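Structural features, examined
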Amino acid sequence: MARPLRIAQVAPPMERVPPRAYGGTERIVFELVKELDRRGHEVTTFASADSDVPGRLIPTVEEALRPSGYNGDPSPWFYLTIQDVLDRADEFDIVHSHLEWASFLLARVSPIPVVSTFHGRLDLAWAAATFARPTAGLVAISANQAATHPEVDWAGVVHNGLTLDDLPFDRRRGDALCFVGRVAPEKGIVEAIDIAVTSGRPLKIAAKAGPMAAEKDYFDNVFMPALEAAGPSIEFLGELEQADRDLLYAESYAALMPGSWPEPFGLVAIEALACGTPVIARRVGALPEIIRDGVDGFFGDDASQLAYQVDRVETLDRGEIRSSVIDRFSAGRMTDGYEEIYHTMIDAAGGSGATSGSAASGEHGDEPRPLKPVMDDMARSGRAS
């Protein structure tokens, strides 16, 4: 058996790994580190000092920036993280960066291959100019996300995955809907209140309120008045830690995702589905890659259509919803995809990293699909955007 790979996982300094509450990117980094370590690879994680990961941790900040109350420009901390990685580059076979746009800089100057996963939106003002000079090893987390830059030679599309089989399922469900996310207009939090009121069901909201001035203004002047006007059937729980959030999903009648924001992936969707809880959502971003309309939930174009779909949830098979999402979006499947990309990158660079253990055959027997066939499938089904 060939030697394990020496892998650097580079997380943003904003949240600990794993996050205690909100933090999608850092949850994915943790799942990947945990599974790679289980498979015998030597994993070093660059993250905040309060992180708790298997393998070696190289602290990049003393405490994760957002929970510490920092609301200034985080870019200097990203540059310091890059510097830390470069100082130790000779210790690794490959670097996997989750630093979003800063990944381009790291990949250009690193002496070893860099895989760069993008977890956020790519249809931003500077994106076209940045992707006009792409580096090798670019990875999208959904076909929809990659489609914003079809000219890019993507290394692959790897859907996010989580450890889902231990999420609660056999819970007594109530009549209440739930909304999990951020208090932000693009997430559709006020529309969620409208859906609940129109459908005559209670709503429990577990959401992070951001510290920036615009976020505070929206919370104080838009969200809170809507919450108060809706009455006592709408309950704001604030930001919940993962265990409490999972129980909320498992006890809910359905989860609402009415935002207009084109989700690059949608962790809320797979968490809710893993609890057997159907999702009622707008058909935006990558959600059609996750939610099977009429099987896992229902799509609608606006709050009134989504409210109409609420009572149809009763017809869905919650057990089938759970079993399917656990298979399709497991941490194991995600890690299979990244291992394949690591080996491809190392081989292309003339390195000695070789396939070992489950990396050789894929723990679940599926190799990551090339981007173009994925995009063609999406186009044929009428879901590409």
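Note that the structure is predicted; figures quoted are calculated from it, not measured. (Residues numbered from 1 in each chain as written. Predicted model: local features only at pLDDT ≥ 70, side-chain atom pairs only at ≥ 80, totals over all residues. Heavy atoms only, no water.)

1. Overview of the overall build of the chain
To keep things clear, this is the line we draw: Counting from the N terminus, the helices are DSSP H or I runs at least four residues long and the strands are E runs at least two residues long. Every radius of gyration here is taken over C-alpha atoms, with the globule rule written as 2.2 Å times N^0.38, N being the number of residues. Only protein chains enter the accessibility calculation, which uses a 1.4 Å probe; a residue whose area is less than 20% of its type maximum is buried, one above 50% is exposed, and one in between is partly exposed. The contact criterion used is simple: two residues touch if any of their non-hydrogen atoms lie within 4.5 Å. All accessible areas in this document rest on Shrake-Rupley with a 1.4 Å probe, and a residue is counted as covered only by the protein chains that are shown. Counted as positive: Lys and Arg. Counted as negative: Asp and Glu, with His and the chain ends omitted from the count. Lys charges are placed at NZ, Arg charges at CZ, Asp charges at CG and Glu charges at CD.
Of regular secondary structure, the chain possesses 15 helices and 13 strands. The C-alpha radius of gyration of the chain comes to 21 Å, within 12% of the 21 Å expected for a compact globule of 385 residues. Summarising its shape, the C-alpha atoms of the chain cover approximately 60 × 45 × 40 Å along the three principal directions. Looking at the 385 residues of the chain, the share that counts as buried comes to 55%. In the chain, the proportion of contacts linking residues at least 24 apart, taken out of those at least 6 apart, comes to 65%. Entry remark: accessible area of the chain is about 16000 Å², with carbon and sulfur atoms responsible for 50%. Of the charged side chains in the chain, 36 are positive and 58 negative, and the gap between their average positions amounts to 2 Å.

2. Considerations on the pattern of salt bridges
Two side chains with opposite charge may pair up if their charged atoms get near one another. Convention followed: Between Lys or Arg on one side and Asp or Glu on the other, a salt bridge is scored when a side-chain nitrogen of the former is within 4 Å of a carboxyl oxygen of the latter.
Applying the stated criterion across every chain, the model contains 21 salt bridges. In this structure, Arg 201 and Asp 175 form a salt bridge, with 3.8 Å as the shortest nitrogen-oxygen distance. Placement of Arg 201 in the loop between α6 (189-199) and β9 (203-208) and of Asp 175 in the loop between β7 (156-157) and β8 (177-182) is noted, with a sequence separation of 26 residues between them. We classify Arg 201 as buried; its relative accessible area is 15%. Here Glu 186 makes a salt bridge to Arg 182, at a shortest N to O gap of 3.3 Å.

3. Remarks on the environment of Ser 199
Under the convention used in this document: N or O atoms closer than or at 3.5 Å make up a polar contact, with two conditions inside protein: a donor-capable atom paired with an acceptor-capable one, and, for residues adjacent in sequence, both atoms drawn from side chains.
Within the secondary structure, Ser 199 is located in helix α6. As a C-alpha pair, Ser 199 and Leu 177 span 22 residues in sequence and 9.9 Å in three-dimensional space. Once you skip the residues sitting within four places of it in the chain, Ser 199 turns out to touch Leu 177, Ala 307 and Val 310. Of the polar contacts made by the side chain of Ser 199, one reaches the backbone oxygen of Ala 196; its length is 3.2 Å.

4. Quick word on a nonpolar patch on the surface
What counts is decided by this rule: Residues enter a patch when their relative accessible area is above 30% and they make no salt bridge; the linking distance is 9 Å between like charges and 5 Å between nonpolar side chains (Val, Leu, Ile, Met, Phe, Trp, Tyr).
Taken together, the side chains of Tyr 79, Leu 86, Leu 105 and Val 109 define a hydrophobic patch exposed on the protein surface, amounting to about 360 Å² of accessible area. For the nonpolar patch, the elements supplying multiple residues, two or more each, are α2 (75-87) and α3 (102-109). Along the polypeptide, Val 109 turns up in helix α3.

5. Thoughts on the packing of aromatic side chains
Our working definition: For Phe, Tyr and Trp, rings pair up if their centres lie within 6.5 Å, where Trp contributes its six-membered ring, and each pair is then called stacked (planes under 30 degrees apart), edge-to-face (over 60) or tilted (otherwise). To sit over a ring, a charge needs its Lys NZ or Arg CZ within 6 Å of the ring centre and within 35 degrees of the ring normal.
Counting across every chain of the model gives 15 aromatic pairs. Ring centres of Phe 219 and Phe 223 lie 5.6 Å apart, and the angle between their planes is 45°; on these two criteria the pair is classed as tilted. With Phe 219 and Phe 223 both in helix α7 (residues 213-230) and 4 residues apart, the pair spans about one turn of that helix. Of the two residues, Phe 219 and Phe 223, neither departs from the other in class, the shared state being buried. Cation over ring: Arg 201 sits above Tyr 253, and NZ or CZ is 3.8 Å from the ring centre. Sitting over the face of the ring of Tyr 253, Arg 318 holds its NZ or CZ atom 5.8 Å from the ring centroid.

6. Digging into the sheet that holds β8
This is how the line gets drawn: If DSSP finds at least two bridges between two strands, the strands pair. Every axis in this analysis is a line fitted to C-alpha atoms, fitted for helices over the stretch in contact. Angles between the N-to-C directions lie between 0 and 180 degrees.
Strand order in the open sheet formed by 6 strands is β10-β9-β8-β11-β12-β13, with parallel pairing between adjacent strands. Looking at the sheet topology across the chains shown, the edges are occupied by β10 (234-238) and β13 (297-300). Averaged over all pairs of adjacent strands, the angle between their axes in this sheet comes to 20°, without regard to strand direction. Sheet topology note: the strand β11 (residues 254-257)/strand β12 (residues 279-282) ladder contains 3 bridges and is parallel. Bridging from a neighbouring strand, Ala 255 pairs with Val 279 of β12. Relative to β10, α7 is tilted by about 140°, and along the sheet it contacts β9 and β10. Its contacts with the sheet put helix α8 (residues 242-251) on β8, β9 and β10, and the angle it makes with β8 is roughly 145°.

7. Looking at unusual backbone geometry
The general pattern is negative phi for most residues beyond glycine and trans for most peptide bonds. Looking along the chain, the bond that leaves Val 17 and enters Pro 18 is cis, with omega of -5°. In this structure, Pro 18 sits in the loop between β1 (6-10) and α1 (24-38). The backbone of Glu 100 sits at a positive phi, close to 55°, despite the residue not being glycine.

8. Section: the packing of α2 against α3
Packed helices, taken two at a time, are described by the angle their axes make and the gap between the axes. Threshold: Angles below 35 degrees are treated as roughly parallel, those above 145 as roughly antiparallel, those between 65 and 115 as roughly perpendicular, and all remaining angles as oblique. Each crossing gets its hand from how the near helix is turned against the far one by less than a right angle, where anticlockwise is left-handed and clockwise is right-handed. Only Asp, Glu, Lys and Arg are considered charged in this grouping, and only Ala, Val, Leu, Ile, Met, Phe, Trp, Tyr, Cys and Pro are considered nonpolar; every other residue, Gly among them, is considered polar.
At a closest axis distance of 10 Å, the pairing of α2 and α3 adopts a crossing angle of 25°. Between α2 and α3, the angle is such that the two are roughly parallel. The way α2 lies across α3 gives a crossing that is right-handed. Contact with α2, carried on its side by Phe 78, Tyr 79, Ile 82, Val 85 and Leu 86, involves Ala 102, Leu 105, Leu 106 and Val 109 of α3 and no other residues of that element. Here the residues of the contact of α2 with α3 sort into 9 nonpolar, no polar and no charged.

9. What to know about the sheet that holds strand β6 (residues 138-140)
Strands sit in the order β3-β2-β1-β4-β5-β6-β7 across an open sheet of 7 strands; the sheet is parallel. The open sheet is flanked by β3 (56-59) and β7, the only strands paired with a single partner. The pairing of β1 with strand β4 (residues 94-97) spans 4 bridges and is classified as parallel. Looking at the pairing, Val 10 lines up with Ser 97 of β4. Where α1 meets the sheet, its contacts fall on β1, β2 (42-47) and β4, and the angle it forms with β1 comes to roughly 165°.

10. Some remarks on the nonpolar core
Inclusion rule: For the purposes of this section, nonpolar cores are sets of buried Ala, Val, Leu, Ile, Met, Phe, Trp, Tyr and Cys residues that join through side-chain atoms within 4.5 Å.
Within the largest apolar cluster, 83 residues are counted, with the highest numbers of intra-cluster contacts made by Leu 177, Ile 189, Leu 203, Ile 205, Phe 223, Ile 270 and Tyr 342. Broken down by element, this core gets its largest block of residues, 7 residues, from helix α9 (residues 267-274). Aside from chain neighbours lying at most four places away, what touches Phe 223 is Val 183, Ile 189, Val 190, Ile 193, Ile 205, Tyr 218 and Phe 236. Core analysis: the next-biggest nonpolar cluster, separate from the first, contains 15 residues, Phe 92, Ala 102, Ile 112 and Val 114 among them.

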